Amino acid sequence: MPTPQTSVLAATPVRRKRWTERVPVIKELRQSVGLQRGMLITGLVITLLFVVIAVFAPLIAPYTWAQQQTADGHSFGTQQAPNALNLLGTTVSGFDVFSRVIWGAQTALLVIIAAIVCSIFIGIALGLISGYFGGWLDRLLVVVADAIYAFPSLLLAIVMSIVISRGQSTLGGGIMATAIAITVVFVPQYFRVIRSEVVRVRAEPFVDSAKVIGVPTTRILLRHVLRNSTRSLPVIITLNASEALLTLAGLGFLGFGIEATAAAEWGYDLNRAVGDVTSGIWWTSVFPGVAIVLVVLGVTLVGESLNDLADPRLRLRRRAGGRKKIAAATEGAKACDALSDRRESK
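Since the model is a prediction, treat every value here as computed from it, not as a measurement.

How each quantity is defined
Residues numbered from 1 in each chain as written. Predicted model: local features only at pLDDT ≥ 70, side-chain atom pairs only at ≥ 80, totals over all residues. Heavy atoms only, no water. Axes fitted to C-alpha atoms, helices over the stretch in contact; angles between N-to-C directions. Helix = DSSP H or I, 4+ residues; strand = E, 2+ residues; numbered from the N terminus. Parallel < 35°, antiparallel > 145°, perpendicular 65-115°, else oblique. Left-handed = near helix turned anticlockwise from the far one by under 90°. Contact = heavy atoms within 4.5 Å. Nonpolar A, V, L, I, M, F, W, Y, C, P; charged D, E, K, R; others polar. Expected span 1.5 Å × (residues − 1). Buried < 20%, exposed > 50% of the residue type's maximum accessible area, 1.4 Å probe, protein only. Polar contact = N/O pair within 3.5 Å; in protein donor to acceptor, adjacent residues only side chain to side chain.

1. A look at the packing of helix H5 (residues 97–133) against helix H6 (residues 135–150)
Between H5 and H6, whose axes approach to 8 Å, the crossing angle comes to 135°. Judged by the angle between their axes, H5 and H6 are oblique. Note on packing geometry: the crossing formed by H5 with H6 is left-handed. For the pair H5 and H6, the contacting residues are Leu126, Ile129, Ser130 and Phe133 in the first and Gly135, Leu137, Asp138 and Leu141 in the second. Looking at the contact of H5 with H6 residue by residue, the classes come out as 5 nonpolar, 2 polar and 1 charged.

2. Concerning H5
Here H5 is 37 residues long and its end C-alpha atoms lie 53 Å apart, about the 54 Å a rise of 1.5 Å per residue gives. One or two positions beyond H5, positive phi appears at Gly134, with a value near 65°.

3. Things to note about the side chain of Thr90
Its place among the elements puts Thr90 in the loop between helix H4 (57–60) and H5. Since its relative accessible area comes to 0%, Thr90 is described here as buried. Engagement of the side chain of Thr90 in a polar contact is seen with the backbone oxygen of Gly77, the distance being 3.1 Å. Engagement of the side chain of Thr90 in a polar contact is seen with the backbone nitrogen of Gln79, the distance being 3.1 Å. Non-local contacts of Thr90, meaning those with residues more than four positions away in its chain, are made with Phe76, Gly77, Thr78, Gln79, Gln80, Phe95, Val97, Trp283 and Thr284.

What follows is the structure, given as structure tokens:
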């Protein structure tokens, strides 16, 4: 086959990637096919619905999370079955279940965002410094991260919640205390992932070239090392979002979360509904439980789909030309095997 000349290759313009090929989730959505695409789309729809409900909770919910009567003074009553006034019934405390579920989505979203943002900044900073500089600081941080990671996550979150909140039941204090408690659990995960990537990137030739020409260390860390060490972060973020929601619900169910008068929280509502189950009052526990299951399912589907698509061994071929390329490769391999067999026979 003729080899293209250097001048022809130099004159060929380099195609710039479109934004749909650079955005993490959109890029993976274009690559997915079949069942994998269905799982990713289902997860994205559930997650986006959860975000929309959380953002527009003041407009969707008919009442506030701690309201026990209408504007004209009509009391809801306790443990009322679903009716025209309370679409999903009322709790043992006289709160509207539908409003509590809607406002609970906003609380969950705030805690997830706060916990993941804090975990990312702290974990990336520690992993970047530890992996790049090494030495005694690297060994110390690795030991501390392994010790925290080996500790039971829910028990660690309970201890940190007690230490941080100190009985505070305000909206901001309760959310931040819970978010910081979850952050302590997540930081070792980001630290270990970023550190391993930084150790790999640190040995690349372009990092040595930057050192030789006198590029400042801060610029090397942020511009060269960090940019090439965050490929797996979208997958970890999505998986940690579901784990953060489960930790929040576990804290609320055990009584270490946010108080009912401070904010609506699904785990706390499940805790208060335990006694209702034996009495045949199902609506106080079913709807918060379904909300937790759906949100965790949606976020987990997104995370698992991104994880599969990020691995070349698990990534499926696209329909457009995928089967033809596989068939052509198979036929080429068979032809090469047949040719080698003929040569050996001669």
